[in-house]
Each structure stands twice: as C-alpha cells, then as structure tokens.
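# Structural characterization, general
Spelled out from the first residue to the last, the chains are:
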Amino acid sequence: MGEVLSARALGRATLARQLLLERAEVGVAEAVARIGGLQAQTPHSWYFALWSRVSGFDPQDAAGLLEKRELVRVALMRGTIHLVTADDCLAWRPLHDDFIFRVTRSAFGRHWKNVDLDAVAEAGRELLEAGALTFADLGRELHARFPDGTPQALSQLVRARLPLVQVPPRGLWGRSGPVAHTTAEHWLGSPLASEPSLEDFIARYLAAFGPATAKDVQAHCGLTRLREVLDRMGLRTFRTEDGQTLYDLPDAPRPPEDVPAPVRFLPDFDNLFISFADRSRTGVLDPAQTARAWPPHGHIPGTVLVDGTVGATWSPSRARGTAGLTITPFSPLPAHARDAIADEAASLLRLLAPGDTHDLVFTDPW
C-alpha cells in the first residue's frame, strides 16, 4: 500500500518543489518551468509569486521574457490564464483544448446554433494573426461577417477553438495595456505539439506538486479519468493518513517534515492552493482558520506562509508617495514570526515601490 505520509510531510514536499523552502538560484524561465507554470489571470500579481521563489528576482527580467516571447500568458489548466514557457504552451495546450471548448460551450453554446463553428474559428484566426485584438474588437469584426451570432458569443467561440495568448504590453511590470490576443502559433512562430503526451504532463505536475492523488491531478488540469494513466506510469506510491493513494516520481524531493520553512508572501490565486482537490491536504492551510477570510469557492487573497502554513493575509496600498502593506494574521503571532514577516515585508515593499516611503501595519487577527 505504500508508506504513509503525514499532511506536514506532504506540505514540506510541495513547498520544496514550489521553491518555497529556499529561493532558487535559477533563471526566471527555468523557475516557471520547474513549478509547472503560474496562474496569471491578473496581469501583475504573478510577479510576487516569482519574487518569493527566485533568488535575486528582478521583475524586469520576467517582463523581458514576455516581450521576447519566451514566456506567455495563455488559457491552459482549468481554462484559466497561466504564465508558462513557450515550449510548455506548445506542448500542453492541445491537451486542454477539449476541456476549454466544453466549458465555453456550456456558457455560450446556445448562441452558436446558427453559425458555422469552423468558419468562425478560421475567420477569427485570420483576424487575430493580422493584428492582436481585444475580444470586444474581435467580436465586432466577426459579427459583421456572421450576423446570426452575438459579438460576445463569436469571440468566445474563437477563444474556445484557438489557443490565444495575451500579448504585451499587457502584463509587463510597471505597465499595462489592452487585453489583446493573437494565436499561440503566430506569436511563437511554431505549431502546437502534434502528439502531446499526457504522461509527460502528469510527470511535470508531480515534479511541481507531488506527491498527489489522482483527484489532485484532475483538479489541477480539469481533465478526467487520469487514475488509469497514473497506474501505468510506473510511479512510486504512498498513502495519506486517511488512506488515499498518492503518486509520485521515484526520485522527487521529499524532505523531512521538520525541515524549517521560511516566511513567504504569496499572491492571490497562487497555484500552491489551487492545484489540489483538497486544499487542506498538504497541511499548508487550516480551513478552520482561513474560512472567515477565504471562502471555499471564491477569491483567494494574498497570503503569508509562516512555518509552511498560511498564517496571515496581506494587502498592498499606495497613495501620495507612501507604499504600505497590511498584515492580518489568523491568530496571534509569536514575536519571532512577526519579526520575520516584517523583514520579508520590507523586502517586498522595496520591490513594489523602491522610491516611496514604506508603511507596514499589523491588524488584529481575523
């Protein structure tokens, strides 16, 4: 049946693979690949995720990789926008095409009944590869050609059928721009993988988030019936304390459960909390503590890890030359934890606003 791993041991394994036990001395693109990409539907908060994981992180380095097309923001796992390397975009997107189409059809399918889906998709490709467009502009252009469809439904049909990347300046550090799209193939100058490997994708998930159950893998990507794939991959197996089967790569890091875990600031919607079927399974968060600030299905706030567990939320502010962070703990913090949070917060404020006056506020616990 396999060795039993405690929730704390699982948490330490995940933190190690997510580069959260120690900042990694690697380049930004390698870090993004190692942690399995980053959920990045917000244009800038993923920079904080990388800052917490990469030694000497410079946000302009990451922005430069977006401009150079070595990193892209594209709809992938669960149909949400992720930051991934160009190679992973091309390899992984075909695996998620059917899921993204089904989810989009459930919302807009009734508006597609009187249009030729293939013709709309090809028209959308032609328009987007002629020049990046927002969905509003794309919808207007398509509606002129296909008047039986609504502009929004037509643009979402194209999103469902084609791999679309958000192009800079959207997502650049210190800048922004319209949410404009073109196709991944056009942007990257390469075709999508013709024979995408589900086994390779699962192995990459385990390298970034394992050990994990079959339900965890499915929750991460939205794909189903993965247990039979896991069973044929020759993986090492463990058990959770309640008897669930965990799968893992044989040589992946599984540090002792008493390994120290430093204070780390994570952004809203960090994959550390999203990529499991049971968010409490790894011991990284205690639902009884976080329920007041963290609904089961809703916005995930910026969080502070204290000894490998979510110990507080954080929120930034900026006004009249002062940049601030407000820390709200879930329970009273011991002095050493409060000091460690203050030190890490000072570094984050220097990243956010190096020329401003900085202000750190600890509120009463939730």
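## Focus on the pattern of salt bridges
- Within this structure, the stated rule accounts for 18 salt bridges.
- Here Asp137 and Arg140 are joined by a salt bridge, their closest N and O atoms 2.2 Å apart. Here Asp137 and its partner Arg140 are both found in helix α7 (residues 135-145), three residues apart, which amounts to about one turn of the helix.
- Between Asp248 and Arg254 there is a salt bridge, and its shortest N-O distance comes to 2.6 Å.
- The exposure class of Arg254 is partly exposed, given its relative accessible area of 26%.
- Shared partners join several salt bridges into a network, and the residues in it are Arg8, Arg12 and Asp307.

## Thoughts on the pairing of strand β7 (residues 180-183)
- Two strands pair when backbone bridges link them, and strand β5 (residues 133-134) and β7 are joined in this way by two bridges, in the antiparallel orientation. Residue pairing for β7: Leu133 is matched across the bridge by His181.
- Bridge count between strand β6 (residues 164-166) and β7: three bridges; the pairing is antiparallel. Looking at β7, one finds that Gln166 is bridged to His181.

## Quick look at unusual backbone geometry
- In this model, Pro168 is joined to Pro169 through a cis peptide bond whose omega is 15°.
- Examined against the element boundaries, Pro169 turns out to sit in the loop between β6 and β7.
- Here the amide bond leading from Gly210 into Pro211 is cis, since omega sits at -5°, within 30 degrees of zero.
- Structurally, the position occupied by Pro211 is in the loop between α10 (198-209) and α11 (214-221).
- Within the chain, Asp307 stands out as a residue other than glycine whose phi angle is a positive 55°.
- Position of Asp307 among the secondary structure elements: in the loop between β11 (303-306) and β12 (309-319).
- The class for Asp307 is partly exposed, based on a relative accessible area of 37%.
- Not every positive phi belongs to a glycine, and Arg320 is a case in point at roughly 50°.
- Following the sequence through the fold, Arg320 ends up in the loop between β12 and β13 (322-329).

## Points about the nonpolar core
- Of all hydrophobic cores here, the largest spans 42 residues; its most connected members are Trp46, Leu50, Leu83 and Phe265.
- Secondary structure elements with two or more residues in this core: α2 (28-34), α3 (46-51), α4 (59-67), β11, β12, β13 and α15 (335-352).
- Apart from the residues lying within four places of it in its own chain, the contact partners of Phe265 are Phe48, Trp51, Ser52, Thr303, Val304, Trp314, Leu325, Ile327, Ile341, Glu344, Ala345 and Leu348.
- Of all hydrophobic cores here, the second largest spans 39 residues; its members include Val84, Leu188, Phe201 and Tyr247.

## Overview of the sheet that holds β13
- The strand order across the open sheet built from five strands is β10-β11-β12-β13-β14, with neighbouring strands paired in mixed fashion. Looking at which strands have only one partner, the edges of the open sheet turn out to be β10 (264-266) and β14 (357-362). When strand polarity is set aside, the average angle formed by the axes of neighbouring strands in this sheet is 25°.
- Pairing between β10 and β11: three bridges, direction antiparallel. Bridge pairing in β11 places Phe265 opposite Val304.
- Each of β10, β11, β12, β13 and β14 touches α15; the most contacted strand, β14, lies at about 145° to it.

Criteria and cut-off values
- Residues numbered from 1 in each chain as written.
- Predicted model: local features only at pLDDT ≥ 70, side-chain atom pairs only at ≥ 80, totals over all residues.
- Heavy atoms only, no water.
- Salt bridge = Lys/Arg side-chain N within 4 Å of Asp/Glu carboxyl O.
- Helix = DSSP H or I, 4+ residues; strand = E, 2+ residues; numbered from the N terminus.
- Buried < 20%, exposed > 50% of the residue type's maximum accessible area, 1.4 Å probe, protein only.
- Pairing = 2+ DSSP bridges.
- Core = buried A, V, L, I, M, F, W, Y, C linked by side-chain atoms within 4.5 Å.
- Contact = heavy atoms within 4.5 Å.
- Axes fitted to C-alpha atoms, helices over the stretch in contact; angles between N-to-C directions.

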